[in-house]
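# Coordinates in review
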Amino acid sequence: MSIVINIKTLNMLKYYAILSAFSAAATTILAKIGIKGVNGNLATAIRTAVILFIARSIVLASGEISQIKTLSKNNLIFLSLSGIATGLSWIFYFKALETGDVSKVAPIDKLSVAIAMGLAFLNPQRADENQTKCIEAHLGALFSTFLAKAHLLLTTDLSLNMCNI
């Protein structure tokens, strides 16, 4: 089975991924500043309320609410499980920010990329694809991620500590 991605979709994917990275970076800094003197669970609840308002507004304004009728049982199960995982991730992230510096929390949190790539092997739909190439790509990405994390940990620790974040 081959995957075909057109150039326009690939370009948009890159823009969205870059915007996501900048948003995640801003989230980390803003969260650390906002959590001072606030319990991590309360901070998570406030952030979740804001996100819920924005997400609902986008869905309602775009008219996508009508698509809710087309969701399958499988969609609902896995989106719900994803929501649970997201909620746990946010709670643990805020607890980590509550107790530690951004320069130490952010690089460890970004290990989620490497973990997600490892968990991708559990997808049975991809089991019959060329596993050797897939394994090589994942191992290479994991290795480069760990190298980048080590470098990032050293450089961000110095720069963020200088900013008292």
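Remember, predicted model here, so these are calculated numbers, not experimental data. (Residues numbered from 1 in each chain as written. Predicted model: local features only at pLDDT ≥ 70, side-chain atom pairs only at ≥ 80, totals over all residues. Heavy atoms only, no water.)

## Quick look at the overall build of the protein chain
Summing up its helical and strand segments, the protein chain has 6 helices and 0 strands in all. For the protein chain, the α and β elements follow one another from N to C terminus as α-α-α-α-α-α. Counting only residues that meet the buried cut, the protein chain has 15% of its 165 residues in that class. Here the analysis covers contacts within the protein chain between residues at least 6 apart in sequence; of these, 81% occur between residues at least 24 apart. For the protein chain, the exposed surface amounts to about 12400 Å²; the carbon and sulfur share of it is 71%. (Helix = DSSP H or I, 4+ residues; strand = E, 2+ residues; numbered from the N terminus. Buried < 20%, exposed > 50% of the residue type's maximum accessible area, 1.4 Å probe, protein only. Contact = heavy atoms within 4.5 Å. Areas by Shrake-Rupley, 256 points an atom, 1.4 Å probe, with all protein chains shown as cover.)

## Comments concerning the packing of helix α3 (residues 73–99) against helix α4 (residues 102–109)
The interhelical angle for the contact between α3 and α4, taken along N-to-C directions, is 155°, at an axis separation of 8 Å. As the angle between them shows, α3 and α4 are arranged roughly antiparallel. As α3 packs across α4, the resulting crossing turns out to be right-handed. Every residue of α4 that contacts α3 at Tyr93, Ala96 and Leu97 is listed here: Val102, Val105 and Asp109. (Axes fitted to C-alpha atoms, helices over the stretch in contact; angles between N-to-C directions. Parallel < 35°, antiparallel > 145°, perpendicular 65-115°, else oblique. Left-handed = near helix turned anticlockwise from the far one by under 90°.)

## Considering the nonpolar core
The biggest cluster of nonpolar side chains holds 9 residues, and these are Ala31, Ile35, Ala43, Tyr93, Phe94, Leu97, Val102, Val105 and Ala106. Of all elements in the fold, only α3 and α4 reach the threshold of two or more residues within this core. For tyrosine 93, the contacting residues outside a window of four places in its chain are Thr28, Val105 and Asp109. (Core = buried A, V, L, I, M, F, W, Y, C linked by side-chain atoms within 4.5 Å.)

## Focus on the packing of aromatic side chains
Tallied over the full model, the rule gives 1 aromatic pair. Against the face of tryptophan 90 rests arginine 47, its NZ or CZ located 4.6 Å from the ring centre. (Phe/Tyr/Trp six-rings, centres within 6.5 Å; stacked < 30°, edge-to-face > 60°. Lys NZ or Arg CZ within 6 Å of the ring centre and 35° of its normal.)

## Focus: the environment of phenylalanine 94
When you line up the elements, phenylalanine 94 lands in helix α3. Phenylalanine 94 sits in the buried class, given a relative accessible area of 4%. Along the chain, phenylalanine 94 and glycine 40 lie 54 residues apart, while their C-alpha atoms are 5.0 Å from each other.

## Here we look at the pattern of salt bridges
Following the criterion strictly, the structure yields 2 salt bridges and no others. For lysine 110, the salt bridge goes to aspartate 109, with nearest N and O atoms at 3.4 Å. (Salt bridge = Lys/Arg side-chain N within 4 Å of Asp/Glu carboxyl O.)

## Regarding a nonpolar patch on the surface
On the surface, Ile77, Phe78, Leu81, Ile84, Leu88, Ile91 and Phe92 cluster together into a nonpolar patch covering about 680 Å² of accessible area. With relative accessibility at 40%, the residue isoleucine 77 sits in the partly exposed group. (Patch = residues over 30% accessible without salt bridge, like charges linked within 9 Å, V, L, I, M, F, W, Y side chains within 5 Å.)

## Topic: the side chain of threonine 28
Of note, threonine 28 is situated in helix α1 (residues 7–34). Looking at threonine 28, the relative accessible area reads 6%, which means it is buried.

## Here we look at α3
Look at α3: 39 Å from first C-alpha to last across 27 residues, which is about the 39 Å you get at 1.5 Å a residue. Buried within α3 we find Trp90, Tyr93, Phe94 and Leu97. (Expected span 1.5 Å × (residues − 1).)

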